[in-house]
2 protein chains.
Amino acid sequence: MTTAMRDTPGMTDRSLRVSRRTMLAGGVTAASGVAAGAAGAVLFTGEEDVASAPEPVAVEAFHGNHQAGIATPPQAHAAFLSLSLKSGIGLERFASVQKLLSQDAERLTQGEPPLGDTEPELAKLANRLTITFGFGYELFDKLAIADRRPGDFTKLPKFELDRLDEKWNGGDVLLQICADDATTVAHALRMCVKDSRSIAKVRWVMRGFRQAPPVIDEGATPRNTMGQLDGTANPAPGGEAFAETVWRDGDDATKNGSVLVVRRIRTELETWDAVDPAVKEMSIGRALDTGAPLTGKNEHDEPDFDATNDLGFTVIPPKSHIRRAQLEDGRQIFRRVYNYDDQVSADGTSDTGLIFASYQKDIATFADIQAQLDNGDMLNDWVTAIGSSEFLIPPGCEPGGWVGETLFG
Amino acid sequence: MTTAMRDTPGMTDRSLRVSRRTMLAGGVTAASGVAAGAAGAVLFTGEEDVASAPEPVAVEAFHGNHQAGIATPPQAHAAFLSLSLKSGIGLERFASVQKLLSQDAERLTQGEPPLGDTEPELAKLANRLTITFGFGYELFDKLAIADRRPGDFTKLPKFELDRLDEKWNGGDVLLQICADDATTVAHALRMCVKDSRSIAKVRWVMRGFRQAPPVIDEGATPRNTMGQLDGTANPAPGGEAFAETVWRDGDDATKNGSVLVVRRIRTELETWDAVDPAVKEMSIGRALDTGAPLTGKNEHDEPDFDATNDLGFTVIPPKSHIRRAQLEDGRQIFRRVYNYDDQVSADGTSDTGLIFASYQKDIATFADIQAQLDNGDMLNDWVTAIGSSEFLIPPGCEPGGWVGETLFG
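Rules and cut-offs
Residues numbered from 1 in each chain as written. Chains lettered and ligands numbered in written order. Predicted model: local features only at pLDDT ≥ 70, side-chain atom pairs only at ≥ 80, totals over all residues. Heavy atoms only, no water. Helix = DSSP H or I, 4+ residues; strand = E, 2+ residues; numbered from the N terminus. Buried < 20%, exposed > 50% of the residue type's maximum accessible area, 1.4 Å probe, protein only. Contact = heavy atoms within 4.5 Å. Salt bridge = Lys/Arg side-chain N within 4 Å of Asp/Glu carboxyl O. Buried area = accessible area lost by both parts, 1.4 Å probe. Polar contact = N/O pair within 3.5 Å; in protein donor to acceptor, adjacent residues only side chain to side chain. Nonpolar A, V, L, I, M, F, W, Y, C, P; charged D, E, K, R; others polar. Least-squares fit on C-alpha atoms with pLDDT ≥ 70 in both. Pairing = 2+ DSSP bridges. Expected span 1.5 Å × (residues − 1). Axes fitted to C-alpha atoms, helices over the stretch in contact; angles between N-to-C directions. Parallel < 35°, antiparallel > 145°, perpendicular 65-115°, else oblique. Left-handed = near helix turned anticlockwise from the far one by under 90°. Disulfide = S-S within 2.5 Å. Phe/Tyr/Trp six-rings, centres within 6.5 Å; stacked < 30°, edge-to-face > 60°. Lys NZ or Arg CZ within 6 Å of the ring centre and 35° of its normal.

### So, the overall build of chain A
In step 1: Helices and strands together make up the secondary structure of chain A, namely eleven helices and 13 strands.
In step 2: Per-residue burial for chain A yields a buried fraction of 59% across its 409 residues.
In step 3: Residue pairs at least 24 apart in sequence account for 76% of intrachain contacts in chain A once pairs closer than 6 positions are excluded.

### Some details on the pattern of salt bridges
In step 1: Across all of its chains, the model carries 46 salt bridges over all chains by this definition.
In step 2: A salt bridge links A:Glu119 to B:Lys280, with the nearest nitrogen and oxygen atoms 3.4 Å apart. Here B:Lys280 lies in helix α7 (residues 277–284) and A:Glu119 lies in the loop between α2 (91–108) and α3 (120–123), a pairing that spans two chains. Exposure class is identical for A:Glu119 and B:Lys280. Each is buried.
In step 3: Of the charged contacts, one joins B:Arg197 and A:Glu270 as a salt bridge, the two residues approaching to 2.8 Å between their closest N and O atoms. Of this pair, B:Arg197 sits in the loop between α4 (182–196) and β6 (200–209) while A:Glu270 sits in helix α7 (residues 269–273), each in a different chain.

### Digging into the interface of chain A and chain B
In step 1: Listed by partner, the interface residues are 65 residues for chain A and 65 residues for chain B.
In step 2: Buried surface at the junction of chain A and chain B, summed over both partners, amounts to about 5500 Å²; 49% is from carbon and sulfur atoms.
In step 3: Scanning the region where chain A abuts chain B turns up twelve salt bridges.
In step 4: The salt bridge partner of B:Glu270 is A:Arg190, with a shortest N-O separation of 2.9 Å.
In step 5: Applying the counting criterion to the chain A and chain B interface returns 29 residue pairs in polar contact (both at pLDDT 80 or more).
In step 6: Those elements that place two or more of their residues in the side of chain A that touches chain B are α1 (20–24), β3 (42–44), α3, α5 (182–196), β8 (200–209), α7 and β11 (338–344) of chain A.
In step 7: No other element matches α5(A), which puts seven residues into the side of chain A that touches chain B.
In step 8: In the side of chain A that touches chain B, the residues fall into 25 nonpolar, 17 polar and 23 charged.

### Some points on the relation of the copies chain A and chain B
In step 1: Superposing chain A onto chain B requires a rotation of 180° together with a translation of 0.0 Å along the rotation axis, leaving an RMSD of 0.0 Å. Here the symmetry operator amounts to a two-fold rotation axis.
In step 2: A high fraction, 100%, of the interface residues of chain A reappear at the interface in chain B, so the copies pair face to face through one surface.

### A closer look at the pairing of β11(A)
Residues and elements named next belong to chain A.
In step 1: Most of β11 is tucked away, with five of its seven residues classed as buried.
In step 2: Sheet topology note: the β11/strand β12 (residues 350–360) ladder contains five bridges and is antiparallel. Its bridge partner being in β12, Tyr 340 is matched across the sheet by Gly 353.

### Things to note about helix α9 (residues 363–374) of chain B
All names here are of chain B.
In step 1: For α9, with twelve residues, the first-to-last C-alpha span of 16 Å sits near the 16 Å given by 1.5 Å per residue.
In step 2: Considering only its buried residues, α9 is in contact with β7 (258–267), α8 (321–324), β10 (350–360) and β11 (383–393).
In step 3: Backbone geometry just downstream of α9 places Gly 376 in the positive-phi region, at approximately 155°.

### A closer look at the environment of B:Ala307
Residues and elements named next belong to chain B.
In step 1: By the secondary structure assignment, Ala 307 is in the loop between α7 and α8.
In step 2: Placed twelve residues apart in sequence, Ala 307 and Thr 295 show a C-alpha to C-alpha distance of 7.2 Å.
In step 3: Look past the residues within four positions of Ala 307 in its chain and what remains in contact with it is Thr 295, Phe 313, Thr 314 and Val 315.

### Describing the packing of helix α2 (residues 91–109) of chain B against α4(B)
Each pair of packed helices gets described by two things: the angle between the helix axes and the distance between those axes.
All names here are of chain B.
In step 1: At their nearest, the axes of α2 and α4 sit 10 Å apart, and the two run at 160° to each other. The orientation of α2 relative to α4 falls into the category roughly antiparallel. Pair α2 / α4 crosses with right-handed handedness. Across the interface between the two elements, Val 97, Leu 100, Leu 101, Asp 104 and Leu 108 from α2 touch His 187, Ala 188, Met 191, Cys 192, Asp 195 and Ser 196 from α4.
In step 2: Partitioning the contact of α2 with α4 into residue classes produces seven nonpolar, two polar and two charged.

### Some points on the state of the cysteines
In step 1: Summed over all chains, the structure comprises zero disulfides over all chains.
In step 2: The thiol sulfur of A:Cys397 is not disulfide-bonded, and the nearest other cysteine sulfur, from A:Cys192, lies at 14 Å.

### Topic: α2(A)
In step 1: In this model, α2(A) (18 residues) spans 25 Å end to end at C-alpha, consistent with the 26 Å of a helix rising 1.5 Å per residue.
In step 2: Every buried residue of α2(A) is listed here: A:Phe94, A:Ala95, A:Val97, A:Gln98, A:Leu101, A:Ser102, A:Asp104, A:Ala105, A:Glu106 and A:Leu108.

### Topic: the packing of aromatic side chains
In step 1: Counted under the stated rule, the structure contains 20 aromatic pairs over all chains.
In step 2: Relative to A:Trp382, the ring of A:Trp272 has its centre 5.3 Å away and its plane inclined at 70°; by these criteria the two rings are edge-to-face. Here A:Trp272, found in helix α7, pairs with A:Trp382, found in the loop between α10 (363–374) and β13 (383–393); they are 110 residues apart in sequence, far enough to count as distant. The burial state of A:Trp272 is the same as that of A:Trp382; both residues are buried.
In step 3: With a centroid separation of 6.2 Å and an interplanar angle of 80°, the aromatic rings of B:Phe94 and B:Phe135 are classed as edge-to-face. Placement of the pair is B:Phe94 in helix α2 and B:Phe135 in strand β4 (residues 130–135), with a sequence separation of 41 residues.
In step 4: Exposure remark for B:Phe135: the relative accessible area of 0% places this residue in the buried category.
In step 5: Across the ring face of A:Tyr340, the terminal group of A:Arg264 is positioned such that the distance to the ring centre comes to 3.6 Å.

### A short note on the side chain of A:Thr72
In step 1: Looking at the element boundaries, A:Thr72 is found in the loop between β4 (56–57) and β5 (77–85).
In step 2: In this structure, A:Thr72 is in contact with A:Glu60, A:Arg128, A:Thr130 and A:Arg336, ignoring residues within four places of it in sequence.

### Remarks on unusual backbone geometry
In step 1: Residue A:Pro214 is bonded to the preceding A:Pro213 through a cis peptide linkage, with omega at 10°.
In step 2: By the secondary structure assignment, A:Pro214 is in the loop between β8 and α6 (240–246).
In step 3: Phi is positive for B:Asn256, close to 75°, though the residue is something other than glycine.
In step 4: By the element assignment, B:Asn256 lies in the loop between α5 (240–246) and β7.

On their own, these measurements won't tell you what the molecule is for.
Set out below in structure tokens:
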């Protein structure tokens, strides 16, 4: 098997055809005879090794300081797989299976079938697959290694407006499986379920989707099923604010890791659809069409929370979502959110909402923001958390290593 | 609103930016300064009207002799929405709502919000959306117009191996909603549900996905979740065999229409995964990697059902899927199949399979093939129909008209 280091273009020494999507997304530039121009103008010379690799493969590197799937430009599809450890599984057994899962991820993400893949042809189209691992609070107790759990990694407090359903809560191991194609996600999910089943049960699987290139431009904000541009205020991956927000920087086994919160947020489309657009915009604090703050013109204009109108009220309501989501001290979260849209009831009511996946360096930042939202976000009339869980995200690994080795090795 | 006729490139007089995906797929060529070369080499000049339309829109024409969504290159995502007419709804009322739904489809497929769209921004990214309408057998009785039901349009007979669940069966009205993005499908589905709810209940919704460009090449056969190349033997849209297979050519209200069968086929991945690859290939009659028939080298080689091996057996087993799916008289079906992959049980068993959507000019062709499969397809060990329904597909309509007018107008 061949691998590539993150932060270099995701090529391996196998003759990979570069997918058109990756090229258009600007993911690979000078390599493979591809030149990317400005403003979406792309010249594709068609220089490919058709003989040795008949199908296009777009890969995200697996190895690196950080796990893939966090700073990675969000893919169009995701499955979040939460596992519960079976009773009687000790650290050694757990670590051996986690190592196997990490090796599966290493191969699958590079378009190579893992050992024992019974549908190896499905592994060949990686489509920017990433598999990101996280570990729940109680796993450390179950493995009798509570001392290895960082002191700041706690469970989230209870929030008054949450209506949590056990069906969507918790978990000992979390795999975030993302790719630009749903078939790739289905195969990777199946493979990981099979290779974990000796030690774990499936607790829940959430499947989601979001607009991604080429449906929207690279770096553009996707719209969610409520019609909002969702994620405008995110710190941009690669920047200083992103690193400061997301990566753990203490001197422990989770350095270069993160903390992931996954909340299943049901949206009440029936009542939301009945609301006047002006009320929707006041609730969010942004225009629906452009995503601009109510005090601005363009999506990325800085909101002015002090600006007032003729009546003396602030233009952006104090209880608007963007106001409530802002902490005084500037700490942020990084949202990597997917939509879900499941069954429709006989009367036409959707079961739809967000898989709110949020990465930040500590649980406290998320908890502080969520407390402000719980306590007075106008959007609460139409959104309800029905599932909530938190996972410690270890750093990435180098070739020869495995994700989780710093905690369980 | 502006529209475009099918069989001409899907452009409107609104300044649409052509999506990169459509261009790469070869869906639009000479228009908009785009030149498509051979063998996947595509030159994208980047000539776009950025000012008037900030987001890329790829559209499939709505109007034409045939409804869109049948000969249309299959999109990556689908929702099949089956509706049951409420009691007491007469023909006039039904027709007025069907006309509204057709108008919704006309606008949504062109990237324009329908009247009353409460999330109009979501309508702008059409992503090759098509909405195809079909009507169930009993609808004609409920509307007291049994005389308008073509005599050859019957319900499918019962097949011995079917294990049908009412949850996935039947329906009076079927909307096949397909697009290259799941958010587009979710919005169109929601819009159609809302505009049909005064006269109908939701009977079932099946959501599916398949590999589509740019994940695979334009015209390439996708793999299903069992790992098979699925759809190799399909007649090619645009060709004579396709027209002969799919379009109704009698002199009645369904001329240029078709018949759609939707079967939900659960696949038993647990046992399938346990089978030796050679047995899988014998069951299908094709190689797993290339999709070539066991008597050939390349995917599209014609199977030789008479070729024998050293033992005197035919190389392609008489009970292989491809042998059993072939009628002596050469009549065919056109498969436009999606995968589904829903929940995963605690023990790791997938709820996965095919939404087997098949278009053909009459129900008898499908029934004859299915009878042969029911009676001895080796694949039956791993696939089970758990839902089945059939719908009469009316022709398309011209500007000013609506889909269904020939039957209900």
